[in-house]
Amino acid sequence: MEPPTAEAVLQGVFTLYNDPNKVEKEKASKWLEEFQKSIHSWKIADELLRQKHDLNSCTFAAQTMRNKIQNSFHELPETAHESLRQSLVEHLSHITIETKSVIVTQLSLALADLALLMSSWHKPVATLLQRFSNNPNMMYALIELLTLIPEEVNSRHLRLGANRRKEILLDLESDSTLVGEYLTMCLVNGNENELLRSKILKCFTSWVQINAFKLPEICDSMIIVYCFQLLSSAGTSPDLHESATDCLCSLLLCMELNNSRGGLDEKLFGGIMCLEEAYNMSVAQEDLDKSMNLCRLFTVLVESNLTRMVALSDGENPHYSVKSLDLVLNCVGHYDYEVAEITFNMWYRLSEDLYQRDNYLLNSHFKPYVERLVAALYKHSQLDADHDGLVEEGGSFKDFRFKVSEIIKDVVFIISSISCFKQMFMILQSPNVTWESSESALFIMQNVARNILPEIMELGEREIPTSRFNQLCEESEVVPKVVEAILNLPENCHIAIRYTSINILGELCDWIDSNPETLQPVLNFLLCALQQKNGLATAAANSLQSICSTCKKHMLGHISGLMEIARCLDSFDIQTDSAIGLLKGISTIIGRLPAAQLTPAMQELCSFQVEALSRLTNGDDDGLDGKKCRSDPAFWLDRLAAIYRHVSPTVRSNEVNPCSFVIINNWNVLSRALERYKNDSKIMERIVRCIRYAIRCIGKQAMPILEPLVKQIITIYSGHNHSCLLYLGSILVDEFAFEDGCTQGLLNMLQAFIEPTFGVLQMENGLKNHPDMVDDFFRLATRFIQRAPIQFLQSPLVTPIIQCGLLACTLDHRDANISVMRFFCSLLRHDRPNDLEPIVQSILASHGEALIMNLLYASVFCLHSYMLSDVADVFVEIKQHSPHQLEEYVKKAVDSLPKKNSGGSVTVTHEQMVQFVSNVVNSQTPRATTQLLQDFARLYR
């Protein structure tokens, strides 16, 4: 764009904020956005800040300056850094009490980022304190700046790199005493200004979070004492209360990180334990925010002590810190379930540690606390007494009950599922128990029911006291009583009780499988529920699916009843997913039938879906009940796919698959669907999914449909680039590439796919905008390497595919990147037959250097750390062929990377480069190589 003037920018800002014309506002917004990207914005933003024309222009200028430093600092030569620093410090020095906070924040952020980026600015914190600490008008701005500097140290935008970050952290650590003294002085001299005091606490917290303070030095800090005073006082304002909580939580986490024990540890533990009365007061005053703050603090106290609490409780007596669980359980009992929810992650962490240790005596120390947790969650899970119907879908209470389910499943092993089941059963038998209490007890039972039978069997094999084992066996005898009570529920019981009871039967599927005499009455009960409305039918369908999946042997005798359910499926008031689940269960049982019975049963089950699909593909949707979902082909395709996927009979290699007749017979309908819906990518994905499961079901016996299918998908793909067709191609290669006469035809299919695929991927941002296509295309190429390596590697298609893969290395899409990396790993696999080694060596000689260059660049600048394990696999494969070649490639790749960042600081030293190359070449495992790549990438981030 043409160099703009300050006047033009002022006009643009005025239009953006004041012009009533929306079109003009939009034009101004786009123009200003382009202006901020231009190199001219540095100078003009500085000019506008000097002019102080109005609030909007100053805000825009401050935001622009911050944005440029964060994202475009490389535009400035190093010689300009000092003048920029002086300019920003000058702007900051003009801040007064009246300056709007948004301008203060943006200017402070700009200067904080500059201090971190500018390597030539030594000791920026000390410099700023020296300049501004004696100016009372600068107190707010300086505290804001001191807060932001540590907060920005780990900013992803700045890409400081590990070396510069380490240098900064050492700098900040050496200045932390000055900062602590200044903040204490501000606290003493700041009168009773709550905003200032809150900012002081936030600033102190930000320095704690980067571990800048030496913990013994702040043991007697006035700021920590002040935090406890604030939390103990009922009159503390919400902002100050939250800031004090954040400060103490950060200190606890810092101590956990440093494994620091001693004076400060004891002070914090004792001080927080004394806050129970303050918590009780917040409950009495119904101050939910304060209750939540204190609950968070108590929870972090437990988490920070969790490792030693568990490790040092393996004797007769638990560690003293266990008593902090009493604080947390007090919070779990709060009348608002949102408070209890804060503690859930802590309980999960505790359960993980105890589960790994697998120590009965250790668990016994924590058992009373978990029993109290379950009792509290039982109360929180109760519906209101006047509630009609089921728990509202999508509501916050439904979400809470889901989290309760998860946490109970996590911790129940500590008290045993059987004991928990018995505990809830006793509530059901209480005199005058209310319906909402019964439903909540049943809900808790539902979440532990599936563990009961496996737990009994497991406990019999473990070393636990005989008396305890006998007690658990006795407690397990309540299960048949519960089942009997459910099967005899009165007609007038609340719908929520009936709903939860139905769910329990599904969760008791293992127990029912071991007690087959209960199967028939349970099925009768569920069949009755299947004909109900208001959510009961959906619950019954889900339970039936669980029972079909678990009780396969016993359900064979009920196949006629299941087929009748399938015939009436659309008359039931059940959700789509539950209907599909029910079909999965029925299909699982059909798959265990003898071949003579399996084929007609499967044909009938498929016919309900195929007939509807046939009408739709012929343009006739009459007779589909007029419901919108029934005229959607996806509705029927998903059902058919579920059948194909789950019938899965056991067939010997020389036998005819009893499913093949049905699947080949239904092919014409799927073929017509491909043609009719070729313009609709969503439906095409469903059709392909259905075909995929059909082919997987019968394998090579799908040969009669192979040729017409390949021809059809090639034709469709040439005009409609649905990536799912590439995925289907990979399935065909997987199943048929070994077969005589099929390989060349499949290679022809690949060749036909390449031109339209590359046409899309070579467009501007083609790789980024079509990650699914990248994923599916390289999955297809990998299948060829795995199934027909010689034919594929000798074909002329290999080189363009490799070149495309080299470009795709930088794509930061998880699935697409995995497929590309697996393609290269498969291509370079070292354990192939000897006749392939010359081909692989030739590929490595031609493309190895570019591959490592792109992979290292991608690792440093493009990919997330969690994606580097797949990159490491490629390094390992190359090393297996030739460590010397890998060393040469990595040396050249490292040399090509920048050695300094935009602030002028050294990103990677020569010694670090040499060490990295040596470590990669000598690395013994993919995991070690992954760690090396992650550490090296951190030098640039």
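Residues numbered from 1 in each chain as written. Predicted model: local features only at pLDDT ≥ 70, side-chain atom pairs only at ≥ 80, totals over all residues. Heavy atoms only, no water.

Student: What's the story with the overall build of the chain in this structure? I'm lost.
Tutor: Assigned secondary structure in the chain consists of 50 helices and zero strands. C-alpha atoms of the chain, sized along the principal axes, occupy 95 × 80 × 65 Å. The proportion of buried residues among the 941 residues of the chain is 54%. Long-range pairs, those at least 24 residues apart, make up 74% of the contacts in the chain with a sequence separation of at least 6. (Helix = DSSP H or I, 4+ residues; strand = E, 2+ residues; numbered from the N terminus. Buried < 20%, exposed > 50% of the residue type's maximum accessible area, 1.4 Å probe, protein only. Contact = heavy atoms within 4.5 Å.)

Student: Before we go on, may I ask you to explain the packing of aromatic side chains in this structure?
Tutor: Taken as a whole and assessed by the stated rule, the structure comprises 22 aromatic pairs. Measuring from ring centre to ring centre gives 5.9 Å for Phe784 and Phe792, while their planes differ by 15°; the resulting arrangement is stacked. For the pair shown, Phe784 and Phe792 are each scored as buried. Centroid distance Tyr857 to Phe861: 5.0 Å. Interplanar angle 45°. Geometry classified as tilted. Highlighted residues: Tyr857 and Phe861, both in helix α46 (residues 837–861), separated by four residues, approximately one helical turn. Take Phe861: its relative accessible area is 28%, and that puts it in the partly exposed class. Through pairs of rings, three or more aromatic residues link up here, namely Phe758, Phe777, Phe778, Phe823 and Phe824. When the ring centre of Trp121 is taken as origin, the NZ or CZ atom of Arg85, which lies over that ring, is 4.8 Å away. Positioned above the aromatic ring of Phe443, the side-chain terminus of Arg401 is 4.0 Å from the ring centre. (Phe/Tyr/Trp six-rings, centres within 6.5 Å; stacked < 30°, edge-to-face > 60°. Lys NZ or Arg CZ within 6 Å of the ring centre and 35° of its normal.)

Student: Is there a simple way to think about the environment of Ile210 in this case?
Tutor: By the secondary structure assignment, Ile210 is in the loop between α10 (194–209) and α11 (222–232). For Ile210, a relative accessible area of 15% translates into the label buried. In sequence terms Ile210 and Lys30 are 180 residues apart; their C-alpha atoms lie 38 Å from each other. What Ile210 contacts, discounting residues up to four positions off in sequence, is Pro150, Leu169 and Leu172.

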